[in-house]
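If you want the building blocks of each chain, they are given just below.
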Amino acid sequence: MNASATQNTTIRKKLIRTFIAGLLAALPLVLTLAAVVWLLEFLQRFLGPHSAFGNLMGSIGLRFVASETAAYIIGISIILALIYFLGLLVETKMRSRLQHLVDSIMERLPVVRTIYNALKKLIQMFDVKDQSDIKAMSSVMCYFGGKETGTAVLALLPSPDIIHLNGQDYYAVLIPTAPVPFGGAILYVPVEWVETLDLNFDGLLNVYMSMGATSKDYLHKQSGSQSQKGQT
């Protein structure tokens, strides 16, 4: 290979390397913008002026004005005011009565009851007055096949409660999906295969959103601390 061909190859490799470096640098921003755009499109599709919800808000506002846009804004304002008024009632002694009334109605609807109870439990977990359920969550490492030779999987332990199945103790763990960790699969893993990590939820989220690229930043410390525990 002559000097000219060698120089062209070197230049081409340098250009490719520089382009890949720029691509990797821009990727987090691009993915973030894509997620924001997707969320906005989702809200526009289901809550915008031309959605079913928007038509409902417009029908409320059209009683006061003729403009569709103004009617939509008025409808939204009325709903927000009603939600705020409901919040005022909830903060008073009426909360227990309202909750009991809604619960009694939902319990009579077979399919709706299941969805309502699941969502109610989820929302209660994020109640700022009682975050005991959130504090009970922990990041764990699941060793499928055992700690010695098993495959290690980073997961979330929603509850420390042990589940007994066929004479065996299990944990219910959530295996998130990457790079969108807001979904996943629930697996029942033997207790001895689960190891609690000193890793907060933000760290677990970061690892999955980076598709494992930041694993060393978070899990390397875990392995070090585990080895120190073993020596002590």
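Residues numbered from 1 in each chain as written. Predicted model: local features only at pLDDT ≥ 70, side-chain atom pairs only at ≥ 80, totals over all residues. Heavy atoms only, no water.

(A) Spotlight on the nonpolar core. In this structure, Val140, Cys142, Leu154 and Val173 are the most contacted members of the largest nonpolar core, which totals 20 residues. Elements with a minimum of two residues in this core: β1 (138-144), β2 (151-157), β4 (168-176) and α7 (201-209). Per-element tally for this core: the top contributor is β2, with five residues. Not counting residues within four places of it along the chain, the set of residues in contact with valine 140 comprises Val153, Leu154, Ala155, Leu156, Leu157, Val173, Val194, Glu195, Thr196 and Leu197. (Core = buried A, V, L, I, M, F, W, Y, C linked by side-chain atoms within 4.5 Å. Buried < 20%, exposed > 50% of the residue type's maximum accessible area, 1.4 Å probe, protein only. Helix = DSSP H or I, 4+ residues; strand = E, 2+ residues; numbered from the N terminus. Contact = heavy atoms within 4.5 Å.)

(B) The environment of leucine 204, seen in detail. Position of leucine 204 relative to the elements: it lies in helix α7. Taking the C-alpha atoms as reference points, leucine 204 and leucine 154, 50 residues apart in sequence, are found 7.6 Å from one another.

(C) Structural detail: the side chain of serine 138. Inspection of the secondary structure assignment puts serine 138 in strand β1. Excluding residues that lie within four positions of it along the chain, serine 138 makes contacts with Ala155, Leu156, Leu157 and Thr196.

(D) Just the confidence of the model for the protein, in detail. Residues with a pLDDT of 70 or more make up 72% of the protein, whose mean pLDDT is 75. Low pLDDT, under 50, characterises residues 227-232; the predicted model gives this stretch zero contacts beyond four residues in sequence or across chains. (pLDDT = per-residue confidence, 0-100.)

(E) Focus on the pattern of salt bridges. Counted according to the given criterion, the structure contains one salt bridge. Lysine 147 serves as the salt-bridge partner of glutamate 195, at 3.7 Å between the closest nitrogen and oxygen. With a gap of 48 residues between them, glutamate 195 in strand β6 (residues 194-196) and lysine 147 in the loop between β1 and β2 connect regions that are remote in the sequence. Residue classification places glutamate 195 among the buried positions, given a relative accessible area of 16%. Judged by relative accessible area, lysine 147 falls into the partly exposed class, the value being 43%. (Salt bridge = Lys/Arg side-chain N within 4 Å of Asp/Glu carboxyl O.)

(F) The arrangement of α7 in detail. All of the buried residues along α7 are Gly203, Leu204, Leu205, Val207 and Tyr208. Positive phi shows up at methionine 211, right after α7, with a value of about 55°.

(G) Region of the structure containing a nonpolar patch on the surface. On the surface, Val36, Trp38, Leu39, Leu40, Phe42, Leu43, Phe46 and Leu47 cluster together into a nonpolar patch covering about 760 Å² of accessible area. In this structure, phenylalanine 46 sits in helix α1 (residues 3-47). Under the relative-accessibility criterion, phenylalanine 46 is labelled partly exposed at 46%. (Patch = residues over 30% accessible without salt bridge, like charges linked within 9 Å, V, L, I, M, F, W, Y side chains within 5 Å. Areas by Shrake-Rupley, 256 points an atom, 1.4 Å probe, with all protein chains shown as cover.)

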